[in-house]
Amino acid sequence: MSWFDESRELLISALKDAARRTALARAVEAYTSAKYSVLPSIPDLDELSQQVREVKEKAVQMLEELAKQAKESIERASGHAYIARTAEEALKIAEQIIGSGKTIVKSKSLTAEEIKLRKFLEAKGNRVIETDLGEFIVQLRGETPTHIVNPAIHVPREAVAELFSKMVGRRLPSDIPHLVAMARELLREEFFRAEVGVSGANVIAADTGTIFILENEGNARFVTNAPPVHVCIAGFEKVVPSIRDAFNVVRLLPPYATGIMMAGYVSMITGPSKTADIEKTVAYGVHGPKELHVILLDNGRIEMAKHPVLREALYCIRCGGCLYECPIYRILDGFFGANYFAGIGVPWVMYTRSPQEAAFFAYACTTCGRCRELCPLRIDIPSIVEACRAILREKGFTVPRHMQLAENFLKELNPYGEPKNKRASWLQQSESMRKGF
Ligand code: SF4
């Protein structure tokens, strides 16, 4: 089966899933009403968006340099930092730090998902528990996330109730607060049992080496604080020049990501836990982790930054706002991408995973431009998708029907491939029909 047929089969199965549509429609409605009520209450929204865009423009011009600066700053703060060029390199570093036979609690991380870190650590004999509620649901269902902010957006409350009921061995109601309380009960002890916490980062300040993690659940706080070892993985694009720049990203993200003024929790982590309370002598691992390891990942980002159009994809702050309101994502959700979704996901999948995985949804995008209007950074996503299609065509990923139409044009000067003489007879026929009316 060709890449196109395979993807088409998947798409058809997605369209038949009514429960997914229900869950998605509920989530989109809740998100849009929250977002449109909070945006007007941010008086300097345009200025803030512009500032963050300028920060990202600058950062993308010096990706490599900033990653190195962040590494130095993290080490200065007594953390360990590593630069990984590929997914394989990042996995190897994680293995060296973590080893096997450990219990690991993990918070949401797109970069970890990009390199399939959980699966890798499990294969090495570790027990990995996703602690973000959406990720926990997706892990229990044996699936992968379908949205960059809301990983279980495709799962209706009834299915969550069924899932948790099986776990606890009794029938639970599909009442959301009840299900949330159950998740708390199921996960609570794991944070303190774990030997390692794995997190991502929303932004990293190169000058101080500070990792910022925004969340609402409070699970990332536990993940990054309760276990004795904290491993953070982040792409190069998360690094901005200064802590002041990072604060601007922190202000802009929550209204677009979840329709709130500010995230429930903003963790700022600079080095491992330490104290100098006894004789002013520094010792590590007081209440938080004794070790902090930060893996900074390239995995195609430097290459992407060299492209005059695609480099803009690196500005993305992963708010996910363009997904909720994309007409195609609203139908296909997680099938409209792989780890990274919708138009903005196309270059990310193409560079960090494979051109084949990016091909189908690159052509499924209508390039309507709604995403560009909704994006806080006004990223020109339609142009990015067009540029990706040009690269994909060069690599041989073209929709078979498009190829056929092009061939027909070249051969018979019409898209249907009808020979000229036959076409003339059609015209005559339609002309006589027209006269008959
Ligand atoms: S492209 Fe823009 S709207 Fe979409 S996730 Fe990135 S920052 Fe948010």
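For the structure, see preceding data.
Figured I'd write up the structure that's included with this text. Everything numeric here is computed off the predicted structure, so don't read it as measured data.

## Some points on the overall build of the chain
Logical step 1: Helices and strands together make up the secondary structure of the chain, namely 21 helices and 14 strands.
Logical step 2: In summary, the chain has a C-alpha radius of gyration of 24 Å against a globular reference of 22 Å for 437 residues, a match within 12%.
Logical step 3: Relative to its 437 residues, the chain shows a buried fraction of 54%.
Logical step 4: Long-range contacts, defined as pairs at least 24 residues apart, comprise 72% of the intrachain contacts of the chain with a sequence gap of at least 6.
Logical step 5: Split by element, the accessible area of the chain, about 20300 Å² in all, is 54% carbon and sulfur.
Logical step 6: Averaging the positions of the 56 positive and the 53 negative side-chain charges in the chain gives two centres separated by 3 Å.

## What about helix α10 (residues 176–193)?
Logical step 1: The terminal C-alpha atoms of α10 lie 27 Å apart, and with 18 residues this matches the ideal 26 Å at 1.5 Å per residue to within 8%.
Logical step 2: Along α10, the sharpest kink reaches roughly 30 degrees, centred on Leu-187.
Logical step 3: Buried within α10 we find Leu-179, Met-182, Ala-183, Leu-187, Glu-190 and Phe-191.
Logical step 4: Next to the buried residues of α10 lie β2 (103–106), β3 (127–130), α8 (133–140), α9 (157–168) and α11 (219–225).

## A closer look at the environment of Leu-374
Logical step 1: The residue Leu-374 is located in helix α18 (residues 370–374) in this model.
Logical step 2: Setting aside anything within four residues of it in sequence, one finds Leu-374 in contact with Lys-35, Tyr-36, Tyr-256 and Glu-325.

## Notes on the pairing of strand β12 (residues 291–297)
Logical step 1: Of all seven residues in β12, six are buried, a share of seventy percent or more.
Logical step 2: Where strand β1 (residues 80–84) meets β12, five bridges bridge the pair, whose relative direction is parallel. For His-80, the partnering residue across the bridge sits in β12 and is His-293.

## Here we look at the nonpolar core
Logical step 1: Ile-204, Ile-211, Phe-336 and Ile-379 are the most contacted members of the largest nonpolar core, which totals 100 residues.
Logical step 2: When residues are assigned to domains, this core turns out to be shared by domain 1 (3–36 + 304–394) and domain 2 (40–302), each giving three or more.
Logical step 3: Discounting chain neighbours no more than four positions away, the residues touching Ile-211 are Gly-200, Ala-201, Val-203, Ile-204, Cys-232, Ser-267, Met-268, Ile-269, Leu-292 and Val-294.
Logical step 4: Counting residues in each nonpolar core, the second largest holds 22 residues, with Ala-94, Ile-104, Val-229 and Ile-233 among its members.

## Brief notes about unusual backbone geometry
Logical step 1: Unusually for a residue other than glycine, Arg-318 sits at a positive phi of about 60 degrees.
Logical step 2: Take Arg-318: it is sitting in the loop between α13 (301–306) and α14 (321–324).
Logical step 3: Unusually for a residue other than glycine, Ala-342 sits at a positive phi of about 60 degrees.
Logical step 4: Along the polypeptide, Ala-342 turns up in helix α16 (residues 342–352).

## Remarks on the side chain of Ser-242
Logical step 1: Along the chain, Ser-242 falls in the loop between β8 (239–240) and α12 (243–258).
Logical step 2: Excluding residues that lie within four positions of it along the chain, Ser-242 makes contacts with Ala-205 and Asp-207.

## With respect to the environment of Ser-267
Logical step 1: Position of Ser-267 among the secondary structure elements: in strand β9 (residues 265–269).
Logical step 2: Of the residues examined, Ser-267 reaches a relative accessible area of 7% and is grouped as buried.
Logical step 3: Measuring from C-alpha to C-alpha, the distance between Ser-267 and Ala-23 comes to 30 Å, with 244 residues separating the pair along the chain.
Logical step 4: In this structure Ser-267 touches Ile-211, Phe-212, Ile-213 and Arg-221, once residues within four positions along its chain are discounted.
Logical step 5: For Ser-267, the side chain forms a polar contact with the side chain of Arg-221, separated by 3.0 Å.

## A few points about the packing of helix α17 (residues 355–364) against helix α19 (residues 381–394)
Logical step 1: At a minimum axis distance of 10 Å, the contact between α17 and α19 shows a crossing angle of 130 degrees. What the angle tells us is that α17 and α19 run oblique. As for the relative orientation of α17 and α19, their crossing is left-handed in sense. Facing Pro-355, Ala-358, Ala-359, Ala-362 and Tyr-363 of α17, the residues of α19 in contact are Val-385, Arg-389, Leu-392 and Arg-393.

## Structural notes on the side chain of Ser-107
Logical step 1: Its location among the elements puts Ser-107 in the loop between β2 and α6 (110–114).
Logical step 2: Those residues in contact with Ser-107 that sit more than four places away from it in its chain are Glu-130, Thr-131, Val-198, Ser-199, Gly-200, Asn-219, Ala-220 and Val-223.

## Details of the environment of Glu-195
Logical step 1: With respect to the element layout, Glu-195 can be found in the loop between α10 and β4 (196–199).
Logical step 2: When its relative accessible area of 34% is taken as the criterion, Glu-195 is described as partly exposed.
Logical step 3: Along the backbone, Glu-195 and Ile-104 are 91 residues apart, and their C-alpha atoms lie at a distance of 6.1 Å.
Logical step 4: Leave out the neighbours within four places in its chain, and Glu-195 touches Gly-101, Lys-102, Thr-103, Pro-227, Pro-228 and Val-229.
Logical step 5: A polar contact is formed between the side chain of Glu-195 and the backbone nitrogen of Thr-103, at a distance of 2.8 Å.

Rules and cut-offs
Residues numbered from 1 in each chain as written. Predicted model: local features only at pLDDT ≥ 70, side-chain atom pairs only at ≥ 80, totals over all residues. Heavy atoms only, no water. Helix = DSSP H or I, 4+ residues; strand = E, 2+ residues; numbered from the N terminus. Rg over C-alpha atoms; globule rule 2.2 N^0.38 Å. Buried < 20%, exposed > 50% of the residue type's maximum accessible area, 1.4 Å probe, protein only. Contact = heavy atoms within 4.5 Å. Areas by Shrake-Rupley, 256 points an atom, 1.4 Å probe, with all protein chains shown as cover. Lys, Arg positive; Asp, Glu negative; His and termini not counted. Charge placed at Lys NZ, Arg CZ, Asp CG, Glu CD. Expected span 1.5 Å × (residues − 1). Bend = angle between axes of the 7 residues up to and from the residue. Pairing = 2+ DSSP bridges. Core = buried A, V, L, I, M, F, W, Y, C linked by side-chain atoms within 4.5 Å. Domains from an automatic or database assignment. Polar contact = N/O pair within 3.5 Å; in protein donor to acceptor, adjacent residues only side chain to side chain. Axes fitted to C-alpha atoms, helices over the stretch in contact; angles between N-to-C directions. Parallel < 35°, antiparallel > 145°, perpendicular 65-115°, else oblique. Left-handed = near helix turned anticlockwise from the far one by under 90°.

This is a description of form; function is not addressed.
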